[in-house]
Every structure is written in structure tokens, then in C-alpha cells.
Amino acid sequence: MTPEVERFLESATRPLEAHPALRDEAKGELMARVSHGAVPLEMLDLSDPLARLEAAGARRRWIRRTALLASFAATAVALVAGVALQARDVYVAGQANRTSNMIRYGGYPGYSHGRPLDPLLESRLRQLAPGLPLALRGEDEPATWLERHPDDVEMLQEHVSRQLLSSSNSYRNTKPDPLAPADQAAISRLDADNSVWPLIEMIPHLAQATGSSSTRFYGTTPSSKITDPDELKKATELFSKAAACSRYCDHSLALKRRIVAAFPRSNTIADDLLVSGMARQVSPVFMEYSNDLGHLIYHESLRLTDDHDKEGLIRLKSDWEQLARLIIAAGARGEADLLDMIQHLGSCANHLADAFSRLGMPGEKAEMETWITRLNATRPPGNGLSEAEIAVAGGARLDRHRGELAGVSMAEIIPSLKTEHAWFDHVLALIPAFIALVAATLVGFEACRRSRIVKGMARGLMPLFRWSDHLWLGALGIVLPWLWWFAVTRLSPLGLRDLNFDDEWTAIPMMIQPAAGFLLGLTLLLQTARWRWARRGGFLGLNPPLAWFGWLAAGLAGAALPAAGTIRYHGLNDEQSAYFMIGVSGMAGCTLLWLLWGVVMNLFTPRASALRPNLAMRSALPWTLVGLLTLLASAGISKAVERYWFAHDPLLPTWTSTTHQNALEERAVKTLVSEMKGL
């Protein structure tokens, strides 16, 4: 042993000086490592590492440990808070829409509108909208509200609709409940001669007549069999009563706007979905899936043709025409848009035309065909955009409103797509951030779990790791993966940022790319730490075996980023796209397998071989926390971008209109109303 080697061993084992026996054992292990090196001891130059170890002196371990623990705790709390807030917003919005679907579509047999709301949803509603004017507890709430506000005609319509909805969705052998005398008196006092009331009352009688759940909520094909002719007669009488009224005024839209106004202005998609979900709890007279008018006309016209009652059929036609003119003149809205109401009226006209044809009444049939032609011609005007452009650039939410895109320009629909992409980016940043937290925990666990002698040797050798080595770790493990991900996904078409992620073959590559970027960063970070220790401690046998395999794994993850985006150029069908995505996922999967293999090998590495992974983990630990912080920052930036584009969306947010659900609906209704003036 040369004096230089002896001095090196003394300096490297200084952290164990309080344990002489362990220090001697550590010296023996380090001596064995030096002796088995490729360079003979007499030719080994240890001047530089010896100078660094001797200059380091005693290190204050508690400072580094405290800083790492504080950073880990702060990032963990921030991550958990971010995930919890995002999960809460998505869950609450989903519960609001689920509740609205139960209320509007009737749920299941025996479902009660009085069921308590989800506790988290109720808590959120009380926090955001304490003055919400509708049903925090279901069907009893409108009645309670009306006791305090007896002149609220909008809430009166909701109360009546819910009462009759419960009646129409009860068991088949139960007759519909009549309107309560107090409700009838309130209708006569507040809103007499409005055809909307007999139409609401008609629906449960029609459901009872067909022996099925309310057609208001299920199906568009009328039942061919009447099980209760008396109930059909009552439904027809109410239809005639509605036609005899002087006006049609549906108050459901005004109540929706009151609900929207009870909330603060939405800043994100999830907040707006909560608001719109609560507004959708309002029960409109007609829904897009119902076709109640068509069902009634079908059954009554079929009965009249079977009886060869031409005069009765002419009266039915006259009633329908009068009611159609009232509805068209009012510009009433149904569930989605006025176009649904026009389609309901067109269905009625078709049934009447068929009935006149069967009874040999060509004049009346020609009149109905004129109605059919004019109703079918009532469509929103084109907006100069093709279906493909709307599907690609409009985003997932706008894609569901294609029938309302009258006069909408490309500049107006772009913010919707960018808002959705920012929301998606926020979610995709939180997922790898959580995995990074797990990775940082495992790295810290590996750095701390070894025996005292291994940790003592590692602490003694840490001064060999220079600031330049840390720069290599930051450059290759943090900066390079982020730059590569940004270049592929933001600066090239391979990021698919101009496409609608509602398409699965757009969404899947967009999920693969951040996953591949995360695997690339984690692999490069660990591989760089091993490489730099091989440079600094090669004379100690710290060169990792099969080092090239780790670089290959990193290369596969890096290649998966652009490869996933090339799907836009291949023109593959669904089956081919699935195979292609499996192949791209397999590239990133190989990197994941390499990482898992490293984790398993470290877990079962014996003490004699534990020094190298312990040194690598100690060096990589601060940078795993830095990577976690960059992911959290990315999530925060994505949330800010979502808020920015949501604030600049002129079509879909609920605050873009003061009369309808949003500006898109308002434009569509105004366009259709102008189209129907001639009718």
C-alpha cells in the first residue's frame, strides 16, 4: 500500500471514525476495490481525488438532510393538493351532470328526486352558490321555495314538471296524479292561457296510455299499442286545450339562467361543467330524445284512421297547426336547441300526412307535405367550415354542437380546442408528477436503507462528485428531456396540437408522448449519475455493467415521442392504428422494463456491491426533486393557460350569454327564429 492510497482510505472513511471496527472494514473493502483495478497501485494517481477529500473536511449532514426532507415534504403537499383539487373539480362536475341526468331522464323505477345529493357536491354548491334557487335536495325544494315566493312562475313550472315526472315514471298500474288545486290556482293566477301547462300535464297521460315509462325520456319510436284508451283521450283533450291557448311560453330557460347567475363566473372547464350540470337539472317541456308530440299525433291519427273519422282527423290537424304556430312564434327552446322542436313538429306532420293518405284525403295531405317541406328546410345556415374542419379544430365540446355552428368562424372555435388541450396537459402533468414522487421516494429509500458501513463509505466519497457532474445531471436528466418533449410536441406537427383529442387515435398518442418523455428523463437521470460516478470513481470499480443498455433504453423512450405523432401521416384504419400504437408503446415499455429491472436488482444487491447504487442514488436524489418541481410547474402553467383560453372563448362558457346556456345556443336560436318567420 502506498502512502497516497493510505491517505485516501483515511479520508474516504472519515464519517466512520466514531466506529473503529466498521472503519477498518470499510478500509478493507475500499482497498480491495483499488487493488482489483486495472491500474497497479504504484502507477495510480490519486492526487486529485485525495485533494478533494482532504479539502472537504467534516460535512454537516443535517443541513443536507433537512433541506431534502423539507423539499420533499413541500413538493408532496403541493402535488397532493393539486391532485385533490383537480379530482374534486372533476368529481363534482360529474356528480352534477349525473344528478341532472337522473332528474331529467327519470333514473330508474322507484327513483326519487328527493334523494340527497352527494355530500361533496352539496358542500361545493353551498360554497360557490349559497343562493342557488333550485333543488339542493330534490323535488321538495321547489315546493318549499314556492311557499316563500308564491309568484315565482319559473319555479312553479319546475315544481309542476317534477311532480308530473314522478307520476309518469311510477309503476304502470298507477294512474297519473292530477295537478294539486293549489298548483292549478297558481297557474290560473300567474300564467293563464299558456299552452305549456296542458302540454306538461299531457305527458304522463300519454305514458299511461302506452303502458310504458314517459316517452318524454325514452325513445323516439312510438309504441304501436294503446293499453289505456281513456288515458289517450285525456292526453288528446289536453293537447286540444293547449292549442286553444293564445300563447306558448316555456319558462325553463329563464330558470336555467337564474341558476347560472347564482354561481361566480367560471374560470375553468370543470367549473363551467358544474354550472351547466346544475342548470341542466331544470325540466324542459320537450327534450331531444322524447318526441312526445309525435307520439301523441301518431296514436291519435292511427285511432282516427281506424275509425275512418275524417272530421276528427281534420280537427287534429287544425289543433296541431295552431299549436305549431304558437311554438314557432314564441321561438321556444327544448333540451338542446330549437332545431329539436322543429324536428318534433316535422314528425307530427309526417304522421298526419300518412293518416290523410290512408283515408284518401289528397288536399289535406298536400297541406301537410307543404309543412314538412318548410320544416325540413329550416336549418342553420352554413358557416363556411367543413365537417372535417369542425371535427378537427373545434374540440370535443364543440364537436357535440355541430347543429348550432351558424356563422361561427375558425378564429372563434380555436379557443375551445386550446382550452381543452390545456386541461388535458394539466391532467397529464399531474400523473407523471405523482409517479415522480414515488420515484423520488424510492431513490431516497435506496440512499438511506443500506447498512452503516455502506452509507459511511458513500458519505466519505461524495466530495468526489463535482459541481460539473451535477450540471451534467441537470442538463441530461432534466433540461434535455424537457427540450426534446417541447420540440416534438410544441414546435412540430407531431405533437398533434391542431387535432381534436376526442378522437381516440389522437388522444392515445398525446398520452404516450408525456409518458415517454417522463421515462426518458428518469432513465437519463439515473444513467448520467452512474456514468459520472464511473468517471470519478473508476479506480474503485464503480463502472456499471452493461452501461450501453441504459443508453439504449433512453434512446427508445426518446424515439417513442416523435414516433407516436407520426400516426397523423400514416392513414391507418382502426385495427392498423391499434397495432401501431402497441408498437410505439412497446418502445417506451422497454424503457420502463429497464427501470423496473434496475429497481429489482438494487433491492436484492448484496452489501458488497451496494456502494455503486448508493452513490448514484445520493447524487440523483436532489435532481429527482427538481424534476418533480418542474412537473408541478408544468401543471401550474397548463392550468394558467386553460384559464387564459377559457376567458377568451366566445362561444361555450356559460357567461358568454345572458339569455341562453351560452353564446353558441343564443346565436343558433336567433338564426332559427329568423328562419321560421315565414312559418
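It should be emphasised that the depicted structure is a prediction, and the values quoted were computed from it without experimental measurement.

(A) Focus on unusual backbone geometry. A positive phi angle, close to 65°, is found at Asp193, a residue other than glycine. On the accessibility criterion, Asp193 (38% relative accessible area) is partly exposed. One non-glycine residue, Leu496, adopts positive backbone phi at about 60°. One can find Leu496 in the loop between helix H21 (467-490) and helix H22 (504-536).

(B) Molecular detail of the packing of aromatic side chains. Scanning the entire structure with this criterion turns up 9 aromatic pairs. With centroids separated by 5.5 Å and ring planes inclined at 80°, the aromatic side chains of Trp548 and Phe549 adopt a geometry described as edge-to-face. Measuring from centroid to centroid gives 6.1 Å for Phe646 and Trp655, while their planes differ by 75°, and the two rings are edge-to-face. By way of ring pairs, the aromatic residues Trp472, Trp531 and Trp551 are connected into one cluster. Directly above the ring of Trp531 sits Arg532, whose terminal nitrogen or CZ lies 4.5 Å from the centroid.

(C) Expanded view of the nonpolar core. Among the nonpolar cores identified, the biggest contains 78 residues, and Phe8, Leu30, Leu461, Trp533, Leu540, Leu611 and Leu615 are the most heavily contacted of them. Of the residues forming this core, the biggest block, 12 residues, is contributed by H22. When residues no more than four places from it in sequence are discounted, the contact partners of Leu615 are Ala458, Leu461, Met462, Trp533 and Leu542. Ranked by size, the runner-up nonpolar core spans 71 residues in total, among them Trp197, Phe239, Ile259 and Val282.

(D) Structural view of the packing of helix H19 (residues 410-448) against H22. H22 packs onto H19 with a crossing angle of 35° between their chain directions and a minimal axis gap of 11 Å. Judged by the sense of rotation from one axis to the other, the crossing of H19 with H22 is right-handed. Packed against H19, whose contacting residues are His421, Phe424, Leu428, Pro432, Ile435, Ala436 and Ala439, the element H22 presents Ala507, Met510, Met511, Pro514, Phe518 and Leu522 at the interface. Of the residues belonging to the contact of H19 with H22, the class tally is 12 nonpolar, 1 polar and no charged.

Conventions used here
Residues numbered from 1 in each chain as written. Predicted model: local features only at pLDDT ≥ 70, side-chain atom pairs only at ≥ 80, totals over all residues. Heavy atoms only, no water. Buried < 20%, exposed > 50% of the residue type's maximum accessible area, 1.4 Å probe, protein only. Helix = DSSP H or I, 4+ residues; strand = E, 2+ residues; numbered from the N terminus. Phe/Tyr/Trp six-rings, centres within 6.5 Å; stacked < 30°, edge-to-face > 60°. Lys NZ or Arg CZ within 6 Å of the ring centre and 35° of its normal. Core = buried A, V, L, I, M, F, W, Y, C linked by side-chain atoms within 4.5 Å. Contact = heavy atoms within 4.5 Å. Axes fitted to C-alpha atoms, helices over the stretch in contact; angles between N-to-C directions. Left-handed = near helix turned anticlockwise from the far one by under 90°. Nonpolar A, V, L, I, M, F, W, Y, C, P; charged D, E, K, R; others polar.

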